[in-house]
Amino acid sequence: MVQDKKKLLLMGKSGAGKTSMRSIVFANYVPRDTERLGATIDVERSHIRFLGDLVLSLWDCGGQDSFMENFVGAQRENVFNGVAVMIYVFDAEFRQDPKDMSYFRMCCESIAAKSPQCRVFCLVHKMDLIHEENRESVFAEQSSAIRRVSHMLPVPAECFSTSIWDETLYRAWSSIVCSLVSNVSTLEANLRALCVACEADEVVLFERATFLVIAQAHTKPHEDVHRFEKISNIIKQFKLSCNKSRSQFESLQLQNESITALIDNFTQYTCVMLITSDRRARPAITTFNVHNVRDYFERLLEQVLD
Amino acid sequence: AGARNELFAAGKKPNIMMTGLPRSGKTSILSVLFQKVSPHETLFLDSSDKVVKHEIENSAFCQFQLWDVPGVNGSSNAANAFSHTGASLSVHSVVSNDSVFSDCAAVIFVIDVTSEETDEALQRLHHTITRAVATNPNVFIEVFIHKADALTEEQKVQCQRELQGRIDEELEEVGLPGVSARIRYRATSIFDHSVYEAFSQVVQNLIPETHTLESMLDFLVNNCGMEKAFLFDVVSKLYVATDSTPVHPEDFELCSDMIEVIIDVSCIYDSGLQDAARASGNAQWSGADAENAGTGSGGGGNGSSSAAAADSNRAPPPPVNFGYQTHSSATIRLSNNMVLYLKEVSNYLALCCIVRSDVFDAALGLIEYNVGVFKEGLQRVIQYRVDSNR
Ligand SMILES: Nc1nc2c(ncn2[C@@H]2O[C@H](COP(=O)(O)OP(=O)(O)OP(=O)(O)O)[C@@H](O)[C@H]2O)c(=O)[nH]1
Ligand SMILES: Nc1nc2c(ncn2[C@@H]2O[C@H](COP(=O)(O)OP(=O)(O)O)[C@@H](O)[C@H]2O)c(=O)[nH]1
Ligand SMILES: [Mg+2]
């Protein structure tokens, strides 16, 4: 199998929360553990296998001034060459920092010069520290500042507001990682078929280790567009508490008056969730159907990642 | 969801008093347990110098009044009047008036282990104990050795031994040696399950049916070959009863986390909640309104779920049973061949059991039958309680 290696840069000023996010998403930290993290020195590179065949080479770049100067100066070639995704993290509390903005501009210039195909994601992070009623305006203000500064990028930056304390973390990182999976639409077409065949309201595919959302299909409208990230967050937390008692989460089945929910291991690297509100639907049959399409999706995922 | 869950007249509900020095963590504990504030958000709590009374009206067994009594240094704050549900009391009059103790079924004294003011805390604790015992000899006294997340297991034991030694000594000096044996010490932190476990045990002391519930759970566990069973108050995630085998903290944690997962997932897919949110237009839900709206529409649970709390504009506090859903049941399978089985058995009460998967798969019918029997028995216990309290 051809190994597909994607380079991701994680940048932003020191203390913005880069190492915290990556530790929670990819290394099973609980949010509170991140208080013990020290500042990152230079660059910490990690290789993460995602969905089996996708290898993410994540460059967590320490944000102290001396390192930043070095990245946009002497190390520029090395750092900004061949980048697939750059994630730039802003601390929501210190968002007006002119120095941070000027580093951001330099990073964008370097990206435009060295990796013009690169997608740029900007996270306005630690939103939990901003009073709830101000979050929207803070985010809008910061996003337009980001757009102003990054106009030279061939592919415009995409902005997210995030916090390690809620599902916004999963929303942003699901989008980031999905931008690297080339054929999500094929996957979604197949999920839709499964959804219809099972008479389900919706079907969602999660990556097993991170519980990031990869693809979804639904036949029934739902008001909450962020529900899948909420599920990611809920199940990921639960998985971590299972680990504490030295066991692993395998599946969940829930039934009440109005729905049946099934969350189960699916292919080798994914989990699936099915929601059914049809009262005639039998959980046992749903489980059976899911088992039957496993192999098919296993092959499909391999193709999608090629 | 059923009718409003105010099962007993206010006077018949036991009082629990929560006290300790300022900043020891009293309000944090109560807001995490009963208002679903997430632990890291307690950083924003203002230190208040008012006595606050909370009415807890969850399941039939979780009915009590909580008094959050701030520690007052000296008498400097004596002038701070406060009013709640009509009553107007100054902190000083509450703290100095012995009648508040005579109504009190349990006193929880919170000691901050990270604070330097141990001497002061102990002095105050001593004072509280002697007055509480003088007015109500049957009062339960609970010492929460709090913010224990800062300590290792060893330090916890050490810390408890030291505190206990000093308190025993002082009680002996004033001629109250018998009281020492009745004081319970528990290491707690809002950042893990310890505070839930500790508070559960405090509440169980105040439930007259504890032994009945325990034998019913024993019967269930023995008949079905279960490993462990807890009866949970769904809204607070406190367990009101368990079978008589020892409680391992990991088991409690898993079951408690399962309830949370099931509540959260249920609420996301609860069309009733979505309708309610739409109807209310989100913003006006606050304070007393929220309570009325919650209870009036079949809820009664206080606090909002963590899932909904993330919404903007302080979303409506949903009646977190499992949203508006009833007849909830769930299974979670784990890789160590254990199954967690959850079943809603009454209004705001859920049974959560740990069963080996071979037993579960072989005897699901038997388990469901016996859970049904348990449910009927439980209904009778509750009915008896309600009748005798009217
Ligand atoms: N309140 C809050 N704190 C956060 C959040 N994310 C991270 N933090 C805290 O921010 C602090 C610094 O986080 P790090 O991840 O080490 O920061 P960094 O960006 O890697 O910093 P450098 O490695 O020096 O570049 C930690 O104490 C985290 O607990 C968040 O969303 N909300
Ligand atoms: N580390 C830690 N901090 C806590 C814990 N409980 C409360 N705190 C913190 O202690 C501080 C004081 O809490 P508060 O509830 O206002 O104290 P009160 O005056 O006794 O009501 C807050 O900043 C809380 O975040 C705990 O279990 N662990
Ligand atoms: Mg770092």
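Residues numbered from 1 in each chain as written. Chains lettered and ligands numbered in written order. Predicted model: local features only at pLDDT ≥ 70, side-chain atom pairs only at ≥ 80, totals over all residues. Heavy atoms only, no water.

As recorded in an unreviewed UniProt entry, chain A goes by Ras-related GTP-binding protein A and comes from Porphyridium purpureum. Listed under Subcellular location (unreviewed entry) in UniProt, the entry text for chain A is "Cytoplasm". The record held by UniProt for chain A lists under Sequence similarities (unreviewed entry) the comment "Belongs to the GTR/RAG GTP-binding protein family." (UniProt positions renumbered as here; feature names shortened; annotations may be inferred.)

Draft legend 1. Quick peek at the packing of aromatic side chains. This model, assessed by the stated rule, comprises 18 aromatic pairs over all chains. Pairwise contacts between aromatic rings join Phe34, Phe64, Phe144 and Phe199 of chain B into one cluster. The ring centre of Trp59 of chain A lies 4.3 Å from the NZ or CZ of Arg45 of chain A, which sits over that ring. Above the plane of the ring of Phe230 of chain B lies Lys228 of chain B, whose end atom (NZ or CZ) is 5.6 Å from the centre. (Phe/Tyr/Trp six-rings, centres within 6.5 Å; stacked < 30°, edge-to-face > 60°. Lys NZ or Arg CZ within 6 Å of the ring centre and 35° of its normal.)

Draft legend 2. Highlighting the interface of chain A and chain B. On the chain B side, the residues contacting the 36 residues of chain A number 38 residues. Surface buried jointly by chain A and chain B totals about 3,200 Å² across both partners, of which 58% is contributed by carbon and sulfur atoms. Across the chain A-chain B interface, the total number found is two salt bridges. In this structure, Arg32 of chain A and Asp149 of chain B form a salt bridge, with 2.9 Å as the shortest nitrogen-oxygen distance. The interface formed by chain A and chain B contains ten residue pairs in polar contact (both at pLDDT 80 or more). Secondary structure elements with two or more residues in the side of chain A that touches chain B: helix H8 (227-244), strand S9 (249-255) and strand S11 (270-276) of chain A. Broken down by element, the residue count for the side of chain A that touches chain B peaks at ten residues, all from H8 of chain A. Looking at the side of chain A that touches chain B, its residues break down into 14 nonpolar, ten polar and twelve charged. (Contact = heavy atoms within 4.5 Å. Buried area = accessible area lost by both parts, 1.4 Å probe. Salt bridge = Lys/Arg side-chain N within 4 Å of Asp/Glu carboxyl O. Polar contact = N/O pair within 3.5 Å; in protein donor to acceptor, adjacent residues only side chain to side chain. Helix = DSSP H or I, 4+ residues; strand = E, 2+ residues; numbered from the N terminus. Nonpolar A, V, L, I, M, F, W, Y, C, P; charged D, E, K, R; others polar.)

Draft legend 3. Region of the structure containing the site of ligand 1. Residue and element names in this part refer to chain A. Around ligand 1, the surrounding shell holds 22 residues, and the nearest of these are Ser14, Thr19, Ser20, Gly63 and Asp128. Within the backbone of Ala16, an N or O atom sits 3.3 Å from an oxygen atom of ligand 1. Surface burial for ligand 1 is 89%, taken as the share of its 670 Å² of free accessible area covered by protein chains. Looking at the shell around ligand 1 element by element, the count peaks at three residues for helix H1 (residues 18-27). (Near = heavy atom within 4 Å. Areas by Shrake-Rupley, 256 points an atom, 1.4 Å probe, with all protein chains shown as cover.)

Draft legend 4. Highlighting the sheet that holds strand S7 (residues 140-146) of chain B. All names here are of chain B. Taking strand neighbours across the sheet as the criterion, the six strands line up as S2-S3-S1-S6-S7-S8 in an open arrangement whose pairing is mixed. The sheet terminates laterally at strand S2 (52-57) and strand S8 (183-188), the two strands that pair on one side only. Direction aside, the axes of adjacent strands within the sheet are offset by 20° on average. Alignment of strand S1 (residues 15-20) against strand S3 (residues 63-69), held across five bridges, turns out to be parallel. When the sheet's bridge partners are listed, Ile16 is paired in S3 with Leu66. (Pairing = 2+ DSSP bridges. Axes fitted to C-alpha atoms, helices over the stretch in contact; angles between N-to-C directions.)

Draft legend 5. The coordination of the magnesium ion (ligand 3), seen in detail. Binding of the magnesium ion (ligand 3) to the protein goes through Thr19 of chain A (OG1) and Thr40 of chain A (OG1), at separations of 1.9 Å. Here Thr19 of chain A, found in helix H1, pairs with Thr40 of chain A, found in the loop between H1 and strand S2 (43-50); they are 21 residues apart in sequence, far enough to count as distant. (Donors = N, O, S within 2.8 Å, 3.2 Å for Na, K, Ca; no water.)

Draft legend 6. Structural context of the site of ligand 2. All names here are of chain B. In the vicinity of ligand 2 there are 16 residues, among which Lys26, Thr27, Ser28, His146 and Asp149 approach most closely. In this structure, Thr27 approaches ligand 2 through a side-chain N or O atom, which is 2.6 Å from an oxygen atom. The side chain of Ser189 places a nitrogen or oxygen atom 3.5 Å from an oxygen atom of ligand 2. Relative to its unbound accessible surface of 590 Å², ligand 2 loses 89% to contact with the protein. The class makeup of the residues in the shell around ligand 2 is five nonpolar, seven polar and four charged.

Draft legend 7. Highlighting the pairing of S1 of chain B. All names here are of chain B. The buried fraction of S1 is high, at six of six residues. The alternating pattern of S1 places Asn15, Met17 and Thr19 and Ile16, Met18 and Gly20 on opposite faces, both of which are buried. Relative to strand S6 (residues 104-112), S1 runs parallel, the two sharing six bridges. Within S6, the position partnered with Thr19 by the bridge is Phe109. (Buried < 20%, exposed > 50% of the residue type's maximum accessible area, 1.4 Å probe, protein only.)

Draft legend 8. Spatial organisation of unusual backbone geometry. Positive phi outside glycine occurs at Leu51 of chain A, with the angle close to 55°. For Arg23 of chain B, which is not glycine, the phi torsion reads 65° and is therefore positive. Relative to the elements of secondary structure, Arg23 of chain B occurs in the loop between S1 and helix H1 (26-34). A relative accessible area of 53% means that Arg23 of chain B is categorised as exposed.

Draft legend 9. Highlighting the packing of helix H2 (residues 65-72) of chain A against helix H4 (residues 98-114) of chain A. Residues and elements named next belong to chain A. In contact at an axis separation of 10 Å, H2 and H4 are set at 25° when each is read in the N-to-C sense. Our classification of the angle between H2 and H4 gives roughly parallel. Classified by chirality, the crossing of H4 by H2 is left-handed. Two secondary-structure elements touch here, H2 through Asp65, Met68, Glu69 and Val72 and H4 through Lys99, Tyr103, Met106 and Cys107. Class assignment for the residues of the contact of H2 with H4 results in five nonpolar, no polar and three charged. (Parallel < 35°, antiparallel > 145°, perpendicular 65-115°, else oblique. Left-handed = near helix turned anticlockwise from the far one by under 90°.)

Draft legend 10. Structural detail: the pattern of salt bridges. All names here are of chain A. Evaluated as defined, the whole model comprises 29 salt bridges over all chains. Notably, a salt bridge pairs Asp264 with Arg294, separated by 3.9 Å at the nearest N-O pair. Within this pair, whereas Asp264 is found in strand S10 (residues 260-265), its partner Arg294 is found in helix H9 (residues 283-305), the two being separated by 30 residues in sequence. Each member of the pair, Asp264 together with Arg294, is buried.

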